[in-house]
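Observations on chain architecture
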Amino acid sequence: MALPLALATLLTILAAGAAPDAPSGPVEPGTIVIEGSDADADTQSPFVDAVEAGLLDAQFLTLPNRGASRYLARVAVTRTSRGQVTADQRDPARARAGNWGLSVTLPADKGKLRDLIATELDVTIVSRKDGQPVWRGRAVTVQTEGSPENAEDKVAVKLAGALFRRFPQPAEEPIAVP
């Protein structure tokens, strides 16, 4: 009888040691500080703001000071090119008047190669008490470079919204967002 109990305990300890970044337990709302990576503060700002809005909706109280919160939310954003695609570009009609007459340029549809930009938002909530992760979520979207849908503020809101729509369930795989 003691052998199965010892074996179960050993498996639990090994599983905990094998996955140190795995969330450790339920997340109860409380105070939280949001920390973006220092790599590119300008790119991070819309994502940090969107994560803050999601956390507020999830009943967390965000604090500006790192010292006195129950949790720390680590926000990481990765934007990478994932190939190219032909994107439609429409030239507008133009008319010009000159000394020798009127010139009219008709609209023309052109295809132009544009990069596909994959954006991944990774949020990990860590307990201040023991430094262990208690929740992690990742969301990813791919948009055409230069399109209105690829604006950082729009992408940030879409990705953070997808993450916190499922909160507090952790996502084992990244959530794909159209």
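Residues numbered from 1 in each chain as written. Predicted model: local features only at pLDDT ≥ 70, side-chain atom pairs only at ≥ 80, totals over all residues. Heavy atoms only, no water.

1. Quick notes on the packing of aromatic side chains
What the rule picks out here adds up to five aromatic pairs. Here F60 and Y71 contribute two aromatic rings whose centre-to-centre distance is 5.8 Å and whose plane-to-plane angle is 70 degrees, an arrangement assigned as edge-to-face. With F60 in the loop between α2 (41-57) and β2 (61-62) and Y71 in strand β3 (residues 71-91), this residue pair connects regions lying eleven residues apart in the sequence. On the basis of relative accessible area, Y71 is assigned to the buried category, the value being 4%. Here a set of aromatic residues connected by ring pairs shows up, and it is made of F60, Y71, W135, F164 and F167. (Phe/Tyr/Trp six-rings, centres within 6.5 Å; stacked < 30°, edge-to-face > 60°. Helix = DSSP H or I, 4+ residues; strand = E, 2+ residues; numbered from the N terminus. Buried < 20%, exposed > 50% of the residue type's maximum accessible area, 1.4 Å probe, protein only.)

2. Re the pairing of strand β7 (residues 133-144)
Relative to strand β8 (residues 175-176), β7 runs parallel, the two sharing two bridges. Across the sheet, A139 pairs through a bridge with I175, a residue of β8. One crossover worth recording links β7 to the parallel β8 by way of helix α3 (residues 152-165), and it is left-handed. (Pairing = 2+ DSSP bridges. Right-handed = clockwise from strand over helix to strand, strands pointing away.)

3. Things to note about unusual backbone geometry
Following F167, the chain continues into P168 via a peptide bond in cis, with omega recorded as 15 degrees. Looking at where P168 falls in the secondary structure, it is placed in the loop between α3 and β8. Here Q59, not a glycine, exhibits a phi torsion of approximately 75 degrees, which is positive. Mapped onto the secondary structure, Q59 falls in the loop between α2 and β2.

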